[in-house]
Every structure is written in structure tokens, then in C-alpha cells.
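# Fold and contact review
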Amino acid sequence: MNHTERLATLNRIRKFSRLMDTAIGIPGTKFRIGLDPIIGLVPGAGDLVDTAFSAYLIYLATRFKLPPKTFGKMIYNISLEAVIGSIPLIGDIFDAFYKSNIRNLALLEEHLAVVEPELTAVAEPISESIKM
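Remember, it's a predicted structure, so these values are computed and weren't measured experimentally.

## Comments concerning the confidence of the model for the protein
Per-residue confidence for the protein gives a mean pLDDT of 89; residues scoring 70 or more make up 91%. Confidence, expressed as mean pLDDT per element, reaches its minimum in the protein at helix α7 (residues 117-122) with 74 and its maximum at helix α4 (residues 68-85) with 95. Within the model, the stretch residues 127-132 combines pLDDT values under 50 with 9 contacts to residues more than four positions away or in other chains.

Structural data, given as C-alpha cells:
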């Protein structure tokens, strides 16, 4: 993958992570949710769809040759959200607060800051309000 493709992939991961975890602001608060907890409200299938979207983001992130430790943390984040998210009501609340996609984006950006700092310098920055 050339530099332009890598930058486009990173920006795609950023946009999709934000859409899933922080796209919608709750009026009167600084709290944000995304489509992830909303889709998760659909019994059974919603959590399966959420997990599939998160797995797609990890698939895109693997193009950046993640170290096994970082890859393992990303898998853990999705797995935890999938397991707890499958519990009715409690899981939906957990999905709204845990934000596994944003956590995984932060892990990817930490990796890229070390390996390819020039790539993260020109990519779209994460807003401080959603960065963990």
C-alpha cells in the first residue's frame, strides 16, 4: 500500500470509528454516542452487526502491520463489547460508555505515531473531546 492509500485507510478508520462511537451529541451534556449502542438495541442481531462493523475496522487496521500485542488489545476491546453488549439493557449502556472503536483507533494511532509519524501528521486529527 502506498502512502496515499495508507492515509485514506487511516482516515476511513477514523470516520467510521467516530460514526459508530461518538457521532451524536446528547443535548445539554458533553456525552456523545454513536450508532453502536443504537444498533445494539435490536435484540440479538444488533450486537452481531455491531461486532461485524468493529471487526471490519480491525481488518482495515491490520494493513498497518500492527504488533501482536496491539492487535490482541484490539481483539479484546471488541470481544468485551460483544460479550457484555449482548446482555439486554446493561449491554446497551455498556456499549454507549465503553466505545471500543475509539479505543482501537487510539491504539492504532499510538502505533502509527511511533512507526509512521509523517502519516499521522497529515491525517485528520481526533478531536480532544472524544480522544481517550
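Read on for the rest.
## With respect to the packing of aromatic side chains
Applying the stated criterion across every chain, the model contains 5 aromatic pairs. Ring geometry for F94 and Y98: centres 4.9 Å apart, planes at 15°, overall stacked. Taken together, the residues F94 and Y98, both in helix α5 (residues 90-98) and 4 residues apart, mark about one turn of the helix. Among the residues examined, F94 registers a relative accessible area of 21% and is labelled partly exposed. Residue classification places Y98 among the buried positions, given a relative accessible area of 11%. Clustering of aromatic rings is evident, with ring pairs tying together F16, F53, Y56 and Y59. The ring of Y98 has R103 sitting right over it, with the charged end atom 4.0 Å from the ring centre.

## Concerning a nonpolar patch on the surface
On the surface, L19, I24, L35, I38 and L41 cluster together into a nonpolar patch covering about 380 Å² of accessible area. In this structure, L35 sits in helix α2 (residues 35-39). Residue L35 is classed as partly exposed on the basis of its relative accessible area of 31%.

## A word on the pattern of salt bridges
Scanning the entire structure with this criterion turns up 2 salt bridges. For R6, the salt bridge goes to E116, with nearest N and O atoms at 2.1 Å. Of this pair, R6 sits in helix α1 (residues 3-21) while E116 sits in the loop between α6 (100-115) and α7, and the two are 110 residues apart along the sequence. Just as R6 is buried, E116 falls in that class too. E109 is the partner of R14 in a salt bridge, and the nearest nitrogen-oxygen pair spans 2.4 Å. Within this pair, whereas R14 is found in helix α1, its partner E109 is found in helix α6, the two being separated by 95 residues in sequence. E109 sits in the buried class, given a relative accessible area of 10%.

Procedures and definitions
Residues numbered from 1 in each chain as written. Predicted model: local features only at pLDDT ≥ 70, side-chain atom pairs only at ≥ 80, totals over all residues. Heavy atoms only, no water. pLDDT = per-residue confidence, 0-100. Helix = DSSP H or I, 4+ residues; strand = E, 2+ residues; numbered from the N terminus. Contact = heavy atoms within 4.5 Å. Phe/Tyr/Trp six-rings, centres within 6.5 Å; stacked < 30°, edge-to-face > 60°. Buried < 20%, exposed > 50% of the residue type's maximum accessible area, 1.4 Å probe, protein only. Lys NZ or Arg CZ within 6 Å of the ring centre and 35° of its normal. Patch = residues over 30% accessible without salt bridge, like charges linked within 9 Å, V, L, I, M, F, W, Y side chains within 5 Å. Areas by Shrake-Rupley, 256 points an atom, 1.4 Å probe, with all protein chains shown as cover. Salt bridge = Lys/Arg side-chain N within 4 Å of Asp/Glu carboxyl O.

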